[in-house]
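# A look at the structure
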Amino acid sequence: MAMRSNRRNVRIEWGDCDPLGIVFYPRYFAIFDVSTYYLFESVLGISSSKIHDALAFAGFPLVDARARFLIPSRFGDDLMVESTIGEFRTSSFDVVHRLTRSGELAVEGFETRVWVVRDANAPNQLKGQPIPREVKERFALA
């Protein structure tokens, strides 16, 4: 099923780069993380600061992440980040991030996240919760 996506521009800053002048790879994972929240903001119309209360859940922590680095990015480069839900399952979902520079694919990122709530019997513990049907429906393209 095709899903809605979100696009945003990211300019590579000096602090994103390693001594060789290319993006230090963990910075891409920070871009992926923020982009996932922007995706949910865009599709659901709820700001990141209010999403947990509005949807009565504790968050969607990352349980798996990987990336393919195809073209190095450098200080001053402008990247387009396109983030899309790859698949929704009962309580987990995959996000695909495609970063392009001047229209050419530079990095692909893949995340698996779990929709969680606080365990009523152990408030410091999180447990998986089914993703609300309404959330899944908002992401689906008609």
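Time to look at the nonpolar core. With 18 residues, the main nonpolar core has Phe40, Leu44, Ile85, Phe93, Trp115 and Phe139 as its most contacted residues. Looking at this core, the elements with two or more residues in it are α1 (26–44), β3 (78–88), β4 (92–101) and α3 (133–139). The leading source of residues in this core is α1, at 4 residues. Grouped together as the second largest cluster of nonpolar side chains are 13 residues, Val23, Tyr28, Ile71 and Val107 included.

Our next topic: the pairing of β3. With 7 bridges joining them, strand β1 (residues 5–11) and β3 adopt antiparallel strand pairing. Looking across to β3, one finds that Val10 is bridged to Leu79. In the sheet, β3 pairs with β4 via 8 bridges, with the strands oriented antiparallel. Bridged to Phe88 within β4 is Phe93.

What follows deals with the sheet that holds strand β2 (residues 62–69). With antiparallel pairing, the 5 strands of this open sheet are ordered in space as β1-β3-β4-β5-β2. In this open sheet, the two strands that pair with only one neighbour each are β1 and β2. If you compare each strand with its neighbour and ignore which way they point, the axes differ by 20° on average.

Now for the side chain of Ser92. Note that Ser92 resides in strand β4. Not counting residues within four places of it along the chain, the set of residues in contact with Ser92 comprises Glu87, Arg113, Val114 and Ile131.

Okay, α1 next. For α1, spanning 19 residues, the distance from its first C-alpha to its last is 28 Å, which sits close to the expected 27 Å at 1.5 Å a residue. The complete set of buried residues in α1 reads Tyr28, Ile31, Phe32, Ser35, Thr36, Leu39, Phe40, Val43 and Leu44.

Let us now look at the pattern of salt bridges. Considering all chains together, one arrives at 12 salt bridges under this definition. A salt bridge links Glu87 to Arg89; the nearest nitrogen and oxygen atoms lie 3.2 Å apart. The exposure class assigned to Glu87 is partly exposed, which follows from its relative accessible area of 39%. The closest approach of N and O atoms between Arg113 and Glu111, which form a salt bridge, is 3.0 Å.

We now examine the side chain of Asp119. Locating Asp119 in the fold gives a position in strand β6 (residues 116–119). Here the side chain of Asp119 touches Asn121 through a polar contact of 2.9 Å, landing on its backbone nitrogen. With residues near it in sequence (within four places) discarded, Asp119 still touches Gln125 and Lys127.

Taken as a whole and judged by the stated rule, the model has 15 aromatic pairs. Ring centres 5.6 Å apart and planes at 90° place the aromatic pair Trp14 and Phe75 in the edge-to-face group. In this pair, Trp14 is assigned in the loop between β1 and α1 and Phe75 in the loop between β2 and β3, connecting sequence segments 61 residues apart. Residue classification places Trp14 among the exposed positions, given a relative accessible area of 65%. When the centroid spacing of 6.3 Å and the interplanar angle of 40° are considered together, the rings of Phe40 and Trp115 count as tilted. Note that Phe40 is positioned in helix α1 and Trp115 in the loop between β5 (104–114) and β6, a separation of 75 residues in sequence. Phe40 gets classed as buried once you look at its relative accessible area, which sits at 0%. Counting every residue linked through ring pairs, the aromatic cluster contains Tyr37, Phe40, Phe57, Phe60, Phe88, Phe93, Trp115 and Phe139.

The rules behind each value
Residues numbered from 1 in each chain as written. Predicted model: local features only at pLDDT ≥ 70, side-chain atom pairs only at ≥ 80, totals over all residues. Heavy atoms only, no water. Core = buried A, V, L, I, M, F, W, Y, C linked by side-chain atoms within 4.5 Å. Buried < 20%, exposed > 50% of the residue type's maximum accessible area, 1.4 Å probe, protein only. Helix = DSSP H or I, 4+ residues; strand = E, 2+ residues; numbered from the N terminus. Pairing = 2+ DSSP bridges. Axes fitted to C-alpha atoms, helices over the stretch in contact; angles between N-to-C directions. Contact = heavy atoms within 4.5 Å. Expected span 1.5 Å × (residues − 1). Salt bridge = Lys/Arg side-chain N within 4 Å of Asp/Glu carboxyl O. Polar contact = N/O pair within 3.5 Å; in protein donor to acceptor, adjacent residues only side chain to side chain. Phe/Tyr/Trp six-rings, centres within 6.5 Å; stacked < 30°, edge-to-face > 60°.

Everything listed here is a matter of coordinates, which is why it stays silent on function.
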